[in-house]
Structure formats: structure tokens, C-alpha cells
Amino acid sequence: MERFLEGKGCLITGGASGFGRAVAYEFGKIGADLILVDINEELLYETSKNVEKETNQKVIPIVCDVSDAKQVKQMTEQSFTELDNVYILFNNAGTGTSYGVDILKIGEKAYDLTMNVNLKGQWLIDKFVCRKMNRQKFEPLKGKVIHTTSIAGNIVDPLLPVYSLSKIGVIGLTQLVAKSLAPYITSNAIAPGFHVTGIYGNREDIMIQTMKDANVKTPLNRIGMVQDVVDLMIFLASHRSNFITGHIFPIDGGIADVGVAPNTLKSDI
Ligand SMILES: NC(=O)c1ccc[n+]([C@@H]2O[C@H](COP(=O)([O-])OP(=O)(O)OC[C@H]3O[C@@H](n4cnc5c(N)ncnc54)[C@H](O)[C@@H]3O)[C@@H](O)[C@H]2O)c1
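Residues numbered from 1 in each chain as written. Predicted model: local features only at pLDDT ≥ 70, side-chain atom pairs only at ≥ 80, totals over all residues.

**Q** Would you mind going over the overall build of the chain with me for this structure?
**A** Within the chain one finds 9 helices and 7 strands. Compactness check: the chain gives a C-alpha radius of gyration of 18 Å against a globular reference of 18 Å for 269 residues, within 12% of the reference. Each of the three principal axes of the chain carries a C-alpha extent, and together these read 55 × 40 × 35 Å. Within the chain, residue pairs in contact and separated by at least 24 positions form 72% of the contacts whose partners lie at least 6 positions apart. (Helix = DSSP H or I, 4+ residues; strand = E, 2+ residues; numbered from the N terminus. Rg over C-alpha atoms; globule rule 2.2 N^0.38 Å. Contact = placed C-beta atoms within 7 Å.)

Okay, structure coming up:
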């Protein structure tokens with residue numbers, strides 16, 4: 001594939017694992033220098049070393065809790081010192097808590113943790129990184145922001161209530177940032193369905209059980225692969241998506257729009 005990210009910096013949050021890690025390998029292979037941000041220090045250093053070895057690109061690991069403004073500010077300063085630009089921001093770190101607990105029974109601590117990482121975290125990252133991205137000289141776009149929401153943000157999932165709320169918020173954030181940064185920076189989001197990553201303990205059986213519990217039906221009749229998300233990310237990072245901003249891209253085998261979304265009433269199936 002054409003090395004279209006040569007000379008471009010990419011900052012990936014949640015870069016130690018799952019989608020962030022897989023995208024790091026792929027973006028490195030097509031020429032990007034990388035900042036990988038994560039709270040899991042051990043895994044972050046391991047991933048960064050492996051990505052650097054496989055891609056021969058510059059890979060800078062920065063340990064940072066995305067929900068902490070002070071840490072995000074410091075991380076941003078360091079990122080723009082290590083690399084001379086951040087052309088792609090993959091605002092992706094996320095967490096899920098309290099699976100199966102009713103929205104009216106969730107504890108305040110669990111609510112705060114999920115909202116602070118998934119929504120406040122993406123907002124803080126946009127706030128600090130985009131300010132500097134906006135001063136870059138690239139044309140026609142100065143940079144691209146890609147958030148990670150979820151199909152649980154399109155159709156609320158009662159088994160993941162606060163997670164759903166946070167991902168609805170990310171959809172709003174994506175659109176607000178798109179308005180705020182047009183016409184020089186685009187802001188879009190990916191909305192994955194069910195893919196085996198760290199949030200399922202990297203276990204296919206746990207993910208399939210979760211889908212069964214919620215009566216999910218996937219029109220394309222297979223589980224999601226991390227590579228499906230990587231392929232979409234390549235498009236969103238390339239010039240071929242330059243006229244797209246403020247949009248949410250489901251990558252779910254058709255579950256949300258033409259399948260049976262999580263926890264649809266049994267009588268509707
Ligand atoms: N896997 C799926 O099926 C799926 C579906 C829809 C959306 N998502 C979203 O995809 C994104 C990536 O998750 P994933 O599936 O690759 O899971 P993952 O657990 O493999 O990766 C998430 C990463 O985020 C990091 N992280 C968590 N809290 C953090 C914090 N406070 N600060 C910095 N880093 C933090 C974790 O350490 C981890 O490395 C998340 O936003 C998640 O909600 C995943």
C-alpha cells in the first residue's frame with residue numbers, strides 16, 4: 001500500500017491494546033511516526049517496542065490517564081516536542097463498567113469512571129491536541145480527528161447503560177468538534193459493533209456469550225475482526241475521506257441498522 005502517512009504524526013489513545021494497537025501497526029507500516037498513549041504502562045511499553053521493531057518508525061509511548069486534565073496537557077506538550085506534527089488524532093481510549101446493571105442501580109463511582117474516561121477523556125484530548133493541530137501548515141487539511149464511539153451510542157444498550165450514555169456523548173462531541181474546526185480539520189467517529197479486544201479479555205467465547213445474552217443478530221453472519229476497524233481507519237486517515245466531517249461510521253456487520261441490535265424485545269425478533 002502507498003505510504004501516504006510518510007512525514008505525518010499520529011497520536012493514538014488506548015494505543016497499548018485492541019483497536020489502538022492494531023491501528024498503530026498499520027499506520028506505522030504506511031509511514032506514520034506514532035505517539036501511543038495509554039494508562040496501562042507495562043502493555044504500552046511492550047506494544048510500542050513491538051510496533052517500532054516491525055515498522056521501523058518512531059514510536060513514542062506516553063503513560064497518561066485521559067480523564068486527567070493535567071496529565072493530558074503534559075502529554076500534549078511532550079507529543080508536539082517529540083514529533084513536529086500530529087496530523088491524525090485517533091481519540092480511542094475507553095472502558096466499560098457494570099455490565100448488566102440497570103441504569104437506576106448503577107453506583108456513582110462506576111458512573112463517574114465510565115463517563116470520565118469515555119466522554120470527558122475524549123473531550124480533554126480534543127481540547128488540548130486540536131489547539132496545536134490547528135496551527136499546522138498542512139493543506140488542504142491541517143489534520144484529522146477520528147473518535148471511537150460504539151453502536152451502543154446509536155441504539156442504547158440496557159446491559160451497558162452508562163457506557164451507552166458516554167458513547168452517545170462521543171457522537172455529540174464528534175459533531176461539535178467538526179463544526180468548531182471546519183474547514184481546516186475534519187472530525188468523524190467510528191462506531192464498532194462486537195470485536196474481540198481487551199474489553200472482552202481478548203476472548204472470543206466471552207464476546208459471543210455477550211452477543212447471545214443480548215440476542216444480537218448480525219446480517220453479515222460473522223463476528224467483527226479488529227482488521228475490519230483497521231480497514232475503515234485507513235480510509236478515514238487518507239485523502240479519500242477529505243470531504244467527510246461530522247459523521248459516524250458504524251462498522252458492525254449491519255447489526256445496528258439492518259440486524260437485531262442488542263436487547264431488542266424478543267417479540268420483535
Ligand atoms: N471491542 C469492541 O467490540 C468495541 C465496540 C465498540 C466500541 N469499542 C471502543 O473501542 C475503543 C477501544 O477499545 P478496545 O475494544 O480496543 O479495548 P481495549 O481494552 O483492548 O483497549 C482500550 C485501551 O484503552 C486504555 N485505557 C482505558 N482507560 C484509560 C485511561 N483512563 N487513560 C488512557 N488509556 C486508557 C486501556 O488500557 C486499553 O489499552 C474504546 O473506546 C471502546 O469503548 C470497542
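**Q** Which parts of the structure should I look at to understand the site of the ligand?
**A** Lining the immediate surroundings of the ligand are 27 residues, of which G14, G18, G94, T197 and G198 lie closest. Among the elements of the structure, α1 (18-29) and α4 (108-133) are those that each provide at least two residues to the shell around the ligand. No other element matches the 3 residues that α1 contributes to the shell around the ligand. In terms of residue class, the shell around the ligand is built from 9 nonpolar, 16 polar and 2 charged. (Near = placed C-beta within 6 Å. Nonpolar A, V, L, I, M, F, W, Y, C, P; charged D, E, K, R; others polar.)

**Q** Would you mind showing me how to read the nonpolar core here?
**A** Across soluble globular proteins, nonpolar side chains show a tendency to be buried alongside one another. Residues C10, I12, L34 and L36 are the most contacted members of the largest nonpolar core, which totals 60 residues. Non-local contacts of L34, meaning those with residues more than four positions away in its chain, are made with C10, I12, A24, F27, G28, V51, Q57, V59 and I60. (Core = buried A, V, L, I, M, F, W, Y, C linked by C-beta atoms within 7 Å. Buried ≥ 20, exposed ≤ 12 C-beta atoms within 10 Å, placed from the backbone.)

**Q** Looking at this structure, how should I read helix α3 (residues 69-82)?
**A** An α-helix turns once every 3.6 residues. As a result, residues three or four positions apart point the same way. With 14 residues, α3 extends 20 Å from end C-alpha to end C-alpha; this agrees with the ideal 20 Å at 1.5 Å per step. Along α3, the positions that sit buried rather than exposed are V72, M75, T76 and S79. Burial along α3 is one-sided: seen end-on, the buried residues are contained in an arc of 105°. Residues of α3 that are exposed and point more than 90 degrees away from the buried face comprise K70, E77 and T81. Residues of α3 that are buried sit in contact with β1 (9-13), β2 (33-38), β3 (59-63) and α4. (Expected span 1.5 Å × (residues − 1). Arc of directions from axis to C-beta.)

**Q** Looking at this structure, how should I read the environment of Q71?
**A** By the element assignment, Q71 lies in helix α3. As a C-alpha pair, Q71 and G7 span 64 residues in sequence and 26 Å in three-dimensional space. Here Q71 is in contact with C64 and D65, once residues within four sequence places are set aside.

**Q** It is not clear to me how the pairing of β2 should be interpreted in this structure. Could you clarify?
**A** Side-chain positions along a regular strand alternate between the two faces of the sheet. Judged by how many residues are buried, β2 sits mostly within the fold: 6 of 6 residues are covered. Residue alternation in β2 divides its side chains into two sets, D33, I35 and V37 and L34, L36 and D38, and both sets are buried. As defined by bridge partners, β1 adjoins β2 across 5 bridges and the pair is classed as parallel. Note that in β2 the partner of G9 across the bridge is D33. For the segment spanning β1, α1 and β2, crossover handedness is right-handed. Two elements, β2 and β3, share 5 bridges in a ladder whose sense is parallel. Looking at β3, one finds that L36 is bridged to P61. (Pairing = 2+ DSSP bridges. Right-handed = clockwise from strand over helix to strand, strands pointing away.)

**Q** Could you clarify how one ought to interpret the packing of α4 against helix α6 (residues 161-181) in this entry?
**A** A pair of packed helices is captured by two measures, namely the crossing angle of their axes and the spacing between those axes. Running from N to C, α4 and α6 point in directions that differ by 15°, and their axes come no closer than 9 Å. By the angle between their axes, α4 is roughly parallel relative to α6. The chirality of how α4 crosses α6 is right-handed. The segment α4 lies against α6, with A110, Y111, T114, M115, N118, L119, Q122, W123, D126 and C130 engaging V162, Y163, S166, K167, G169, V170, L173, V177 and L181. Among the residues making up the contact of α4 with α6, the classes are represented as 12 nonpolar, 5 polar and 2 charged. (Axes fitted to C-alpha atoms, helices over the stretch in contact; angles between N-to-C directions. Parallel < 35°, antiparallel > 145°, perpendicular 65-115°, else oblique. Left-handed = near helix turned anticlockwise from the far one by under 90°.)

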